[in-house]
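Fold and contact review
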Amino acid sequence: MLPSVSLLQQIGLAILLAVTVVWAASLARIARRTRFEIPSGPGSRPTLGAVPRQTGPAGPPSERVELSAAEREAFAGLVRQWDGRERH
């Protein structure tokens, strides 16, 4: 026992340590269980590993906006500034 710490503080520290160990063990168990779990039942789908394509036959059509000549030139000027070719 530590001489400078009261008995009540030592009991509180032991309880806090025990609760922390139980919490960490249960969190690890839940994470391990849900990592390999495949959903089952009606209407459930497996989770995707990545975002699916948003265009094509399965998704909405892609959008396209026509730019005027002035807008294209302004955009080209911004790109040149970002590339460092044009300094101000």
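Everything below is about the structure printed above this text.
Residues numbered from 1 in each chain as written. Predicted model: local features only at pLDDT ≥ 70, side-chain atom pairs only at ≥ 80, totals over all residues. Heavy atoms only, no water.

1. Regarding the overall build of the protein chain
The secondary structure content of the protein chain amounts to 2 helices and 0 strands. Split by element, the accessible area of the protein chain, about 8700 Å² in all, is 64% carbon and sulfur. (Helix = DSSP H or I, 4+ residues; strand = E, 2+ residues; numbered from the N terminus. Areas by Shrake-Rupley, 256 points an atom, 1.4 Å probe, with all protein chains shown as cover.)

2. Section: helix α2 (residues 69-83)
If you check α2, its first and last C-alpha atoms are 21 Å apart, about what 15 residues at 1.5 Å a residue would give, namely 21 Å. Trailing α2 by a residue or two, Gly84 shows a phi angle of about 90°, which is positive. (Expected span 1.5 Å × (residues − 1).)

3. Section: the side chain of Gln10
Along the chain, Gln10 falls in helix α1 (residues 7-35). On the accessibility criterion, Gln10 (19% relative accessible area) is buried. Here Val5 takes part through its backbone oxygen, which lies 3.4 Å from a polar atom of the side chain of Gln10. (Buried < 20%, exposed > 50% of the residue type's maximum accessible area, 1.4 Å probe, protein only. Polar contact = N/O pair within 3.5 Å; in protein donor to acceptor, adjacent residues only side chain to side chain.)

4. With respect to a positive patch on the surface
Residues Arg29, Arg32, Arg33 and Arg35 make up a contiguous surface patch of positive charge. Counting through the fold element by element, Arg32 comes out in helix α1. (Patch = residues over 30% accessible without salt bridge, like charges linked within 9 Å, V, L, I, M, F, W, Y side chains within 5 Å. Salt bridge = Lys/Arg side-chain N within 4 Å of Asp/Glu carboxyl O. Lys, Arg positive; Asp, Glu negative; His and termini not counted. Charge placed at Lys NZ, Arg CZ, Asp CG, Glu CD.)

5. What to know about a nonpolar patch on the surface
Where nonpolar side chains cluster on the molecular surface, the patch consists of Leu7, Ile11, Ile15 and Val19 and spans about 370 Å² of accessible area. Here Ile11 falls in the partly exposed class, since its relative accessible area comes to 41%.

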